[in-house]
Amino acid sequence: MDGLDTLKAKYLTAVAGAADETALEEVRLAALGKKGEVSALMAGLGKMDPDARKAAGAALNVVKDEIDAALRARKAGLADAALDERLRTEWLDVTLPGRPRRMGTIHPVSQVMEELTAIFADMGFAVAEGPQVETDWYNFDALNIPPEHPARQEHDTFFMHRADGDERPPHVLRTHTSPVQIRALMDKGAPIRVIAPGRVYRMDMDQTHTPMFHQIEGLAIDRNISMANLKWVIEEFAKAFFEVPSVEVRFRASHFPFTEPSAEIDFRCSWEGGQLRLGEGDSWLEAGGCGMVHPKVLRAAGVDPDHFQGFAFGLGIDRLAMLKYGIPDLRAFFESDLRWLRHYGFAALDMPNLPGGLSR
Ligand code: PHE
């Protein structure tokens, strides 16, 4: 029995003195491991006679359980201490200012789209969307461009291939954002005030044309909207977008099948030493088309032209971006050259808004 007490005391001392979990594991192996001291005594029980074995076995089991309990308690204590130590040393001051890391840049077209959305939202326009693959009904017919109309040829349309034998008219890549006028009206009805920025496609390629480019459509339909409202909206837009106190807007008579009357939108500007200045000078800059929505278009979209009327406009977003940010070649927009993007790009997470300034 004395031997067992000594054994127990030895291991309880060793457990208490184990400085970390590795040292503690060594103690456990020395006592309770397969080749440990307690295990050896257990194995020795077999050689005893039955009575002695019973008494010695019971006593040995008590010692074994006590050592085991001490090991477990110490282990939990060491784990807590280790955690406390980590919590003490591995801390992070979340109130420190962040270290800015540049996460790519915003493409000028995306930037301008955000700017346009902010400007028109301020005037009460919601954003509408439509598909880039359109039916020819939305892209043409509903906009008063019937099948044999010459405007269909002018648009240099990309047609989508149909399976052999399919007699229906092919889908097209939308040639303008105007089909969104129809979709928005059919969806929401009148009165309505929406813009629709997005991609459009025409077969064309030179310094100022790419097969894919961006437009923004505007549409305002109500009971008493006139051309004067249209002109005001365009002027307000131009001042806000170019961040100048005034822009002179000229409406030049034009023709679109879906508006009547129709006008081309020009902004007064000057080119001094190759530098474009808006709002002054003797030059005019073409920005897009507009007009009063044709009664046939309203009717096609399920709106009664005897009660509702309004205006629509379409502006080229890429051109607006080139002008505002002095980008000379349109094709560079779509070449994905990282050096170009870093030069003209805008900081990520820097959302344009009117009070904070559109382009910082
Ligand atoms: N959809 C015309 C174009 O792409 C622009 C436009 C839109 C004209 C709305 C008038 C009204 O050229």
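Values in this document were obtained by computation on a predicted structure and should not be read as measured data.

Peer 1: Before we move on, can you summarise the overall build of the protein with the specific residues and values?
Peer 2: From N to C terminus, the protein includes 12 helices and 12 strands. For 360 residues, the compact-globule estimate of 2.2 N^0.38 gives 21 Å, and the C-alpha radius of gyration of the protein, at 40 Å, exceeds that figure by more than 25%. Summarising its shape, the C-alpha atoms of the protein cover approximately 120 × 60 × 40 Å along the three principal directions. Per-residue burial over the protein gives 41% buried out of 360 residues. Considering only contacts in the protein between residues 6 or more positions apart, those separated by 24 or more positions represent 65%. Carbon together with sulfur atoms contributes 53% to the accessible area of the protein, which is approximately 20,600 Å² in total.

Peer 1: Tell me about the packing of aromatic side chains, residues and numbers included.
Peer 2: Taken as a whole and judged by the stated rule, the model has 13 aromatic pairs. For the pair Y325 and F346, a centre-to-centre distance of 4.8 Å together with 65 degrees between the ring planes defines the contact as edge-to-face. Of this pair, Y325 sits in helix α11 (residues 317–325) while F346 sits in strand β12 (residues 346–347); the two residues are 21 residues apart in sequence, bridging distant segments of the chain. The pair Y325 / F346 is uniform in exposure class, with both members buried. On the basis of an interplanar angle of 40 degrees and a centroid distance of 6.0 Å, the ring pair of F333 and F334 is categorised as tilted. Joined through ring pairs, the aromatic side chains of F120, F125, F237, F241, F242, F267, F311 and F313 make up one cluster. Cation over ring: K231 sits above F251, and NZ or CZ is 5.8 Å from the ring centre.

Peer 1: Describe a negative patch on the surface, naming the residues involved and giving the relevant values.
Peer 2: Side chains of E154, D156, D204 and D206 sit close together on the surface and give a patch of like negative charge. Residue position: E154 is located in helix α7 (residues 150–154).

Peer 1: I'd like a description of the pairing of strand β9 (residues 275–278), backed by residues and values.
Peer 2: With burial as the criterion, only one face of β9 is covered, namely that bearing L276 and L278; the residues Q275 and R277 on the opposite face remain uncovered. The sheet contact formed by strand β8 (residues 259–272) and β9 spans 4 bridges and is antiparallel. Across the sheet, S270 pairs through a bridge with R277, a residue of β9.

Peer 1: Go over the site of the ligand, please, and point to the residues and values.
Peer 2: Of all residues adjacent to the ligand, which total 14 residues, the nearest are H176, S178, R202, Q215 and E217. R202 is positioned such that a nitrogen or oxygen atom in its side chain is 2.9 Å from an oxygen atom of the ligand. The separation between an oxygen atom of the ligand and a polar side-chain atom of Q215 is 2.9 Å. When isolated, the ligand has an accessible area of 320 Å², and the protein chains bury 91% of it. Put simply, the parts of the chain that give the shell around the ligand at least two residues each are β6 (212–222), β10 (283–293) and β11 (309–316). Sorting elements by how many residues they give to the shell around the ligand places β11 first, with 3 residues. For the shell around the ligand, the residue count by class is 5 nonpolar, 7 polar and 2 charged.

Peer 1: Outline the state of the cysteines, listing residues and values.
Peer 2: This structure, assessed with the given rule, holds 0 disulfides. With no disulfide of its own, C269 has C290 as its nearest cysteine by sulfur position, at a separation of 17 Å. Among the residues examined, C269 registers a relative accessible area of 0% and is labelled buried. We classify C290 as buried; its relative accessible area is 2%.

Peer 1: Report on the nonpolar core, specifying residues and quantitative values.
Peer 2: As a rule of thumb, nonpolar side chains are buried together in soluble globular proteins. In this structure, F120, F237, I265, F267, F311 and F313 are the most contacted members of the largest nonpolar core, which totals 50 residues. Setting aside its immediate chain neighbours within four residues, F267 contacts I234, F237, A238, F242, V247, E248, V249, L278, S283, W284, L285 and A287. In this structure, L143, V180, A196 and V293 belong to the second largest nonpolar core, which totals 24 residues.

Peer 1: So what about the domain arrangement of the protein? Which residues, and what values?
Peer 2: On domain assignment, one finds that the protein holds domain 1 (4–89) and domain 2 (107–347). One C-alpha centre belongs to domain 1, the other to domain 2; they are set 82 Å apart.

Peer 1: Mind laying out the environment of L219, listing which residues take part and the relevant values?
Peer 2: Secondary-structure assignment places L219 in strand β6. Note: C-alpha distance between L219 and V94 (125 residues apart in sequence) is 47 Å. Discounting chain neighbours no more than four positions away, the residues touching L219 are F125, Q181, L185, I192, R193, V194, V293, F311 and A312.

Peer 1: Before we move on, could you go through the packing of helix α2 (residues 21–32) against helix α3 (residues 37–44) and cite the residues and values that matter?
Peer 2: The N-to-C vectors of α2 and α3 enclose an angle of 15 degrees; their axes lie 3 Å apart at closest approach. Our classification of the angle between α2 and α3 gives roughly parallel. Residues A30, A31 and L32 of α2 form the contact with α3, whose participating residues are E37, V38 and S39.

How each quantity is defined
Residues numbered from 1 in each chain as written. Predicted model: local features only at pLDDT ≥ 70, side-chain atom pairs only at ≥ 80, totals over all residues. Heavy atoms only, no water. Helix = DSSP H or I, 4+ residues; strand = E, 2+ residues; numbered from the N terminus. Rg over C-alpha atoms; globule rule 2.2 N^0.38 Å. Buried < 20%, exposed > 50% of the residue type's maximum accessible area, 1.4 Å probe, protein only. Contact = heavy atoms within 4.5 Å. Areas by Shrake-Rupley, 256 points an atom, 1.4 Å probe, with all protein chains shown as cover. Phe/Tyr/Trp six-rings, centres within 6.5 Å; stacked < 30°, edge-to-face > 60°. Lys NZ or Arg CZ within 6 Å of the ring centre and 35° of its normal. Patch = residues over 30% accessible without salt bridge, like charges linked within 9 Å, V, L, I, M, F, W, Y side chains within 5 Å. Salt bridge = Lys/Arg side-chain N within 4 Å of Asp/Glu carboxyl O. Lys, Arg positive; Asp, Glu negative; His and termini not counted. Charge placed at Lys NZ, Arg CZ, Asp CG, Glu CD. Pairing = 2+ DSSP bridges. Near = heavy atom within 4 Å. Polar contact = N/O pair within 3.5 Å; in protein donor to acceptor, adjacent residues only side chain to side chain. Nonpolar A, V, L, I, M, F, W, Y, C, P; charged D, E, K, R; others polar. Disulfide = S-S within 2.5 Å. Core = buried A, V, L, I, M, F, W, Y, C linked by side-chain atoms within 4.5 Å. Domains from an automatic or database assignment. Axes fitted to C-alpha atoms, helices over the stretch in contact; angles between N-to-C directions. Parallel < 35°, antiparallel > 145°, perpendicular 65-115°, else oblique.

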